[in-house]
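# Chain and residue survey
The lines below spell out each chain.
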Amino acid sequence: VYTFPALAVAWLWQKREQAGPDAAWARGGIPLLLAALLLLNLAVTITYGFVQWPQALETRLKYQSVLVDIADYLKEEPAGAPVFADGFYRPITADSLRRDLGEDPQGRWVQTGEDVAGALILPAGGEGTLFVPEFAAPDEVLLALAGVDMQPLYRSHKRPAFSVYDLPVEHQESKLPEALPFEDVLSLVGYEITMTQAGQALQMVTAWQVDGELPDDLAIFVHWSDSTGQLLSQHDGFDAAAGTLRPGDIIIQRHILPWPSTLQSPTGSLQLGLYLREDGRRLELLDGAGKPATQHLIPLDEDHLGG
């Protein structure tokens, strides 16, 4: 593509060299024309390349400018136990923030937004602060059940913007008299089951306490089965970055189970457990009688439905 204008410039310059003494306009006009074209191209390049393109929302999204803005905020307002949200977490995202900040903020990372069910972290020891880019806004039900105030402490003015929320010290909601430990990894400490506003899905929010080092391929399964054991709906996922969590952290995970078209009202039960994605192995827990199991059974009745 660049060859064609270069050929045109070379042709014009050749015509200038071939012009006779009576064609003064060619000897002076052609250089002026080429100079004008060069200046025009330079002006367009500067405008698009250094003014409009860097400020475009799509550019700022792809180059993660919100991480630079969060780093600038943290330099002025340090957070003791920061939790960072992203639409799709990758370790390179945390590396980018560390590079922008100049140090490791020792943060936890979660996935939130429209394309994921979403999770939140309540850091061990309390005093957690949640940083949420506008493209990864958590579901309001998740925020409410985690006890997060909907009014942010701060909201940036650049796009994409980010908001800062104060995280509660501990998770209050629990329907379990005691924690259910899955090996030495996670313990189930509570849950809430509701219907979505549109009535098209069953929504479950589970609370887990980190007991030890988490495998990177850890996942939570929720199976909705009828009275005969037939699977009606399910949700598999884990929206917290396992490698960033620490013992004592509380994970609040949201699960969405699509509503079966043949079902009129909630019935059956939910089977809840953990497994490893690499080999499918389920983590064991000890039930009340001390027998090993790979799932916790939750009947769908008035005592377990939150609304």
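What you are looking at is a predicted structure, and each value in this text was computed from that prediction instead of being measured.

## Quick word on the overall build of the protein chain
Counting its regular elements, the protein chain contains six helices and 16 strands. Considered along the principal axes of its C-alpha atoms, the protein chain spans approximately 110 × 50 × 35 Å. The buried share of the protein chain, reckoned over its 307 residues, is 45%. Expressed as a percentage of contacts within the protein chain between residues at least 6 apart in sequence, the contacts between residues at least 24 apart total 65%. In the form shown here, the protein chain has an accessible surface area of approximately 17200 Å², with 54% of it arising from carbon and sulfur atoms.

## A short note on the packing of aromatic side chains
Counted under the stated rule, the structure contains eleven aromatic pairs. Ring centres 5.7 Å apart and planes at 75 degrees place the aromatic pair W53 and Y63 in the edge-to-face group. Of this pair, W53 sits in helix α2 (residues 24-55) while Y63 sits in the loop between α3 (57-62) and α4 (65-76); the two residues are ten residues apart in sequence, bridging distant segments of the chain. Overall, the relative accessible area of 45% leaves W53 in the partly exposed class. Relative to W259, the ring of W224 has its centre 5.3 Å away and its plane inclined at 70 degrees; by these criteria the two rings are edge-to-face. Of this pair, W224 sits in strand β10 (residues 218-225) while W259 sits in the loop between β12 (250-258) and β13 (269-276); the two residues are 35 residues apart in sequence, bridging distant segments of the chain. A residue is classified by how much of its surface remains accessible, and W224, at 0% relative accessible area, is buried. Look at W259 and you get buried, because its relative accessible area is 17%.

What counts, and at which threshold
Residues numbered from 1 in each chain as written. Predicted model: local features only at pLDDT ≥ 70, side-chain atom pairs only at ≥ 80, totals over all residues. Heavy atoms only, no water. Helix = DSSP H or I, 4+ residues; strand = E, 2+ residues; numbered from the N terminus. Buried < 20%, exposed > 50% of the residue type's maximum accessible area, 1.4 Å probe, protein only. Contact = heavy atoms within 4.5 Å. Areas by Shrake-Rupley, 256 points an atom, 1.4 Å probe, with all protein chains shown as cover. Phe/Tyr/Trp six-rings, centres within 6.5 Å; stacked < 30°, edge-to-face > 60°.

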